[in-house]
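Working through the structure, step by step
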Amino acid sequence: MARPAQRQRGVNSAPIEPAKLAFNTEGVPFSSRYGDVYHPRAGALAQARHVFLAGNGLPERWQRRDRFVVLETGFGLGNNFLATWQAWRGDLQRCGRLSFISIEQQPLRHDDLARLHAASPHPELADALLRAWPPLTPDLHRLGFDDGRVELLLAFGDVQAWLPEIVAAVDAFYLDGFAPAANPRMWDARVCKALSRLAAPDATLATWSAAHALRRDLATAGFAVRLGQGSGGKRDITLARFAPPFTPRRAPARIAGRNGVEPHALIVGGGLAGCAAAWALAEQGWRSTVIERQPQIAGEASGNPAGLFHAIVNAQDGVHARFNRAAAFAAREAVQMAIGAHGVAGDVGGLLRLETTLDLPAMQALLARLGTPPDVAQALSAEAASALSGIALAHPAWLFTGGGWVDPAGLARAFLERAGTNAELRTGVDVNQLLPTADGWRLVDVGGATIAEAPTVVLANAGAALRLLGEPGWPVERIRGQLSMLPATALPMHLPRVPVAGAGYLLPEVGGLAIFGATAQRGDADPTVRDADHLANLRQLEQLTGRTIAAPVVVLAGRTGFRWSSIDRLPVIGAVPAIRVDELATLALSPHAPRLDHPRLVPRTPGLFVFSALGSRGITWSALGARALACSITGAPAPLGADLLDAIDPARFVSRQARRPQPA
Ligand SMILES: Cc1cc2nc3c(=O)[nH]c(=O)nc-3n(C[C@H](O)[C@H](O)[C@H](O)COP(=O)(O)OP(=O)(O)OC[C@H]3O[C@@H](n4cnc5c(N)ncnc54)[C@H](O)[C@@H]3O)c2cc1C
Ligand SMILES: C[S@@+](CC[C@H](N)C(=O)[O-])C[C@H]1O[C@@H](n2cnc3c(N)ncnc32)[C@H](O)[C@@H]1O
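Now for a quick tour of the structure. (Residues numbered from 1 in each chain as written. Chains lettered and ligands numbered in written order. Predicted model: local features only at pLDDT ≥ 70, side-chain atom pairs only at ≥ 80, totals over all residues. Heavy atoms only, no water.)

Helix and strand counts for the protein chain come out as 19 helices and 32 strands. Relative to the 2.2 N^0.38 estimate, which gives 26 Å for 664 residues, the radius of gyration of the protein chain is 26 Å and therefore close to what a compact globule would have. Its C-alpha atoms give the protein chain principal-axis dimensions of roughly 85 × 60 × 55 Å. With 664 residues in all, the protein chain has 57% of them scored as buried. Relative to all contacts within the protein chain whose residues are 6 or more apart in sequence, the contacts with residues 24 or more apart total 74%. When the accessible area of the protein chain is evaluated, it comes to approximately 27100 Å², of which 53% is carbon and sulfur surface. Computing the positive centroid from 65 side-chain charges and the negative centroid from 57, the protein chain places the two 4 Å apart. (Helix = DSSP H or I, 4+ residues; strand = E, 2+ residues; numbered from the N terminus. Rg over C-alpha atoms; globule rule 2.2 N^0.38 Å. Buried < 20%, exposed > 50% of the residue type's maximum accessible area, 1.4 Å probe, protein only. Contact = heavy atoms within 4.5 Å. Areas by Shrake-Rupley, 256 points an atom, 1.4 Å probe, with all protein chains shown as cover. Lys, Arg positive; Asp, Glu negative; His and termini not counted. Charge placed at Lys NZ, Arg CZ, Asp CG, Glu CD.)

This is the structure:
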């Protein structure tokens, strides 16, 4: 039996339908769908200041705090966000970091948003918002401002689908749907209950609505509710403080970071994962020490001269496609930063992926069904793909608009440089053992000497993390890969203007070289560069480009590396489970066996985190993966929905095993 489309495609993947902008007779932005205005005639700013800021005790409540988190239902025109950001900027005692989460089912198109903010009272902020405005996909988009100290997490989709997916401890709620009678999904008891799950201790809430049903449902959900003085023609507004009769329990997966610990992490491994982790922790105000066994960073898998990054299109739009799409947005931003501010070689001008199964109409139909906007992916005929790339291609192709290529070691360096004085690098140090201490972890070298100690450790050392963890039984494998290079002039064809991928890939010219590859060999530990693999890469290149290449193998240079990949083709990121996969059978015999069938339920080892199994997508995954990791360490709002956090959680292997019948 066919399941409903939205369910098949994951919780939050219904296509996004942009808002249709209209104005009422008084010139106030108006929604004909809901028959209501976006803000009162007296002005959005006045409402933002009186109801949402003052109603939540802001700016006073965020003063002298490290981080303050706001969650809004209904982003609309973004006026409340801009007013909050403006107030934060203007407050000398502001919190160190402001996270503003907002959920919006019908976001405005970029052009409409620009029209609405043409005469903005905050032109500088409105311009920055417009420049960062994301593609309209059903994802959690992270927009960073003021050097990342202000972040806007924009969840596009339905409020009731998103609220259970948000992972954050919220200090202030802004409820700003259209009028409850016309827009009941924004205000009902399920929304109130979901807000209570997100509320930090002493969280407050404000809204212009004084609807009786809302006040009742908020009270049932644990809020102490009162009426406040209205403005702009409204008599009353609703104000509330979270005061539940008992403290709600949080899932072990969401509390692995220790409260009040020193904000310093030891990161083992200085590849893309380790350097990105240092960057993301620095964004949250944490310091780190990156410990790398090689004489320099990115000396192993991350040391290829160039590699690709891009999203994927998949008919199901399940966790894999959604994680890759979100990761590709973050990768593009990071690569742009690396190119623009750190002189790294690369390009974000798009990437072509040849399609050999679907024809062009089927590709176009798939994009239309998924609602994928052209600024994420387009279907191109073979002719259009050839014209774009500048080389003849025999197949239609997906154009990943935000994709491209980069020098991965350069990207790793840029991550570290971005972390600045918050990251210390120690190279030539091989971590041989990880030992628990009274309040954290000790890293030990092969001679038994202590390398360093800290309450928090991140294992970002690819497959070697498994040995330090005592082989926890996770299904992660090593895949050898060799790529080939030769002088661009030695290849009897032009190189493409954008990377072309399919079975294998060919890059635009990088430093005078043609770079193509790569092989993928399981169970092969040979680190040497082999002629047979160059031949395999040449055959792959012939398939990709549809032409015969008779380059003599002797002019080929190459590089070999090892990708560590999990069986489900997703990275392994998060707090390390306190239970090994092979302990489950014994545990199941205990009458007090805990429920472990969901990653969120699996207990964790305090202070120990892993960032590994980046497979053949380390460039695409490192920025988003690092932010997800940093949030699980620091407690900052997660840049991914809970279902995607579960999908990359190391505890998923424990839960999967727990769901299988255990031997009697
Ligand atoms: C041939 C090939 C082509 C690829 N092409 C692409 C591509 O086009 N796009 C893409 O996104 N990805 C590509 N990848 C994958 C990408 O390179 C990896 O996903 C990424 O580099 C993994 O980064 P990492 O930091 O996890 O691992 P690594 O770069 O291997 O970093 C781990 C680091 O940990 C250090 N270390 C290990 N153990 C210890 C220890 N005990 N003490 C101290 N330090 C330690 C290692 O020295 C190493 O520097 C390719 C990989 C290969 C092999
Ligand atoms: C009053 S407007 C918000 C104004 C906004 N806070 C501002 O500062 O400009 C209400 C918003 O709620 C959105 N909305 C309505 N129903 C929704 C739903 N079910 N889920 C998420 N957003 C919804 C509308 O699209 C609209 O943008």
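On to the site of ligand 2, then. Taken together, 22 residues are adjacent to ligand 2, and Gly74, Asn80, Glu104, Asp158 and Asp176 come closest. Note that a nitrogen atom of ligand 2 is positioned 2.9 Å from one of the side-chain N or O atoms of Glu72. Separating a nitrogen atom of ligand 2 from a backbone N or O atom of Gly74 is a distance of 2.7 Å. Protein burial of ligand 2: of its 610 Å² of free accessible surface, 98% is covered by the chains. (Near = heavy atom within 4 Å. Polar contact = N/O pair within 3.5 Å; in protein donor to acceptor, adjacent residues only side chain to side chain.)

To describe two helices that pack against each other, one gives the angle between their axes and the distance between the axes. Put simply, helix H9 (residues 272-283) and helix H13 (residues 408-419) touch, their axes get as near as 8 Å, and they point 25° apart. Judged by the inter-axis angle, H9 sits roughly parallel to H13. Like other packed secondary-structure pairs, H9 and H13 cross with a definite hand, here left-handed. Contact residues: Leu272, Cys275, Ala276, Ala278, Trp279 and Ala282 in H9; Pro408, Leu411, Ala412, Phe415, Leu416, Arg418 and Ala419 in H13. Counted by class, the contact of H9 with H13 contains 12 nonpolar, no polar and 1 charged residues. (Axes fitted to C-alpha atoms, helices over the stretch in contact; angles between N-to-C directions. Parallel < 35°, antiparallel > 145°, perpendicular 65-115°, else oblique. Left-handed = near helix turned anticlockwise from the far one by under 90°. Nonpolar A, V, L, I, M, F, W, Y, C, P; charged D, E, K, R; others polar.)

What follows concerns the sheet that holds strand E1 (residues 22-23). Sheet architecture is open: 3 strands sit in the order E1-E2-E3, paired in antiparallel fashion. This sheet does not close on itself; its edge strands, each paired only once, are E1 and strand E3 (36-37). Judged from the 2 bridges that link them, strand E2 (residues 29-31) and E3 form a sheet pairing that is antiparallel. Each bridged residue has a counterpart across the sheet, and for Phe30 the counterpart in E3 is Val37. (Pairing = 2+ DSSP bridges.)

What follows covers the pattern of salt bridges. Scanning the entire structure with this criterion turns up 32 salt bridges. Across the pair Arg627 and Glu333 runs a salt bridge, and its minimum N-O distance is 3.9 Å. In this pair, Arg627 is assigned in helix H17 (residues 618-634) and Glu333 in helix H10 (residues 319-342), connecting sequence segments 294 residues apart. Note on Glu333: relative accessible area 35%, which makes it partly exposed. Put simply, Glu417 and Arg413 hold a salt bridge, and the shortest N to O gap is 3.2 Å. Placement of both Glu417 and Arg413 in helix H13 is noted, with a separation of 4 residues, approximately one turn of the helix. Taking relative accessible area as the criterion, Arg413 reaches 31% and is therefore assigned partly exposed. (Salt bridge = Lys/Arg side-chain N within 4 Å of Asp/Glu carboxyl O.)

For the rest of this paragraph, the subject is H13. The end-to-end C-alpha distance of H13, which contains 12 residues, comes to 17 Å, matching closely the 16 Å that a straight helix rising 1.5 Å per residue would cover. For H13, the side-chain oxygen to backbone nitrogen distance between the N-cap and Ala409 is 3.0 Å, and the N-cap itself is Asp407. Gly420 lies just past H13 and shows a positive phi near 60°. (Expected span 1.5 Å × (residues − 1).)

With that out of the way, let us pick up the side chain of Thr605. Along the chain, Thr605 turns up in strand E32 (residues 604-612). A relative accessible area of 17% means that Thr605 is categorised as buried. Looking at Thr605, its side chain comes within polar contact range of the main-chain oxygen of Pro577, at 3.3 Å. With residues up to four places along the chain from it excluded, the contact list for Thr605 reads Trp441, Val576, Pro577 and Ala578.

Here we come to the sheet that holds E32. The 6 strands are arranged E20-E13-E12-E24-E32-E31 in an open sheet whose pairing can be described as mixed. Because the sheet does not close on itself, it has two edges, and the strands there are strand E20 (423-427) and strand E31 (572-577). The sheet shows a mean angle of 20° between the axes of neighbouring strands, direction not considered. Direction of pairing for strand E24 (residues 456-459) relative to E32: parallel, over a ladder of 3 bridges. The partner of Val458 across the bridge, within E32, is Phe609.

This brings us to the side chain of Glu165. Tracing the sequence through the fold places Glu165 in the loop between helix H6 (159-162) and strand E8 (170-175). One buried charged residue, Glu165, remains without a salt bridge, the closest side chain of opposite sign being Arg600 at 4.9 Å. A polar side-chain atom of Glu165 sits 2.8 Å from the main-chain amide nitrogen of Asp643.

In this structure, Phe81, Leu129 and Phe173 are the most contacted members of the largest nonpolar core, which totals 77 residues. For this core, the leading source of residues is strand E7 (residues 150-156), giving 6 residues. In this structure Leu129 touches Phe75, Phe81, Leu82, Leu113, Leu143, Phe145 and Leu152, once residues within four positions along its chain are discounted. Counting residues in each nonpolar core, the second largest holds 61 residues, with Phe323, Ala338, Val344 and Leu570 among its members. (Core = buried A, V, L, I, M, F, W, Y, C linked by side-chain atoms within 4.5 Å.)

Here we take up empty space enclosed by the protein. All chains considered together, the criterion is met by 6 cavities of 30 Å³ or more. Taken as a whole, the largest cavity spans an internal volume of roughly 80 Å³. Around the largest cavity, the lining residues are Pro138, Asp139, Leu140, Trp162, Arg322, Ala326, Pro639, Leu640, Gly641, Asp643 and Leu644. Listing elements by their share of the lining of the largest cavity, those giving two or more residues are H10 and helix H18 (642-648). Broken down by class, the residue content of the lining of the largest cavity amounts to 7 nonpolar, 1 polar and 3 charged. Taken as a whole, the second largest cavity holds about 60 Å³ of empty space. (1 Å grid on protein atoms, 1.4 Å probe; cavity = no way out; pocket = protein on both sides within 12 Å on 5 of 7 lines; lining within 4 Å. Points joined across faces, edges and corners; volume = space filled by probe spheres on them.)

With that settled, consider the site of ligand 1. Around ligand 1, a shell composed of 36 residues is seen, among which Glu292, Ser302, Leu308, Gly615 and Ile619 lie nearest. Within the backbone of Ala273, a nitrogen or oxygen atom sits 2.9 Å from an oxygen atom of ligand 1. Here an oxygen atom of ligand 1 sits 2.5 Å away from a polar atom, N or O, in the side chain of Ser302. A total of 1000 Å² of accessible area belongs to ligand 1 in isolation, and the protein chains cover 96% of it. Secondary structure elements with two or more residues in the shell around ligand 1: H9, strand E13 (287-292), strand E14 (307-309), strand E30 (557-566) and H17. Partitioned by chemical class, the residues of the shell around ligand 1 number 16 nonpolar, 14 polar and 6 charged.

Quick look at unusual backbone geometry now. Across the junction of Leu58 and Pro59, the peptide omega takes the value 15°, indicating a cis bond. Among the secondary structure elements, Pro59 is positioned in the loop between helix H2 (44-53) and strand E4 (67-73). Cis rather than trans, the peptide bond between Gly517 and Ala518 has omega equal to -15°. In this structure, Ala518 sits in the loop between strand E28 (513-517) and strand E29 (521-522). Its identity is not glycine, yet Asp202 carries a phi of approximately 70°, on the positive side. Along the polypeptide, Asp202 turns up in strand E9 (residues 199-207). When its relative accessible area of 48% is taken as the criterion, Asp202 is described as partly exposed. Even without glycine at this site, Asp317 takes up a positive phi of about 45°.

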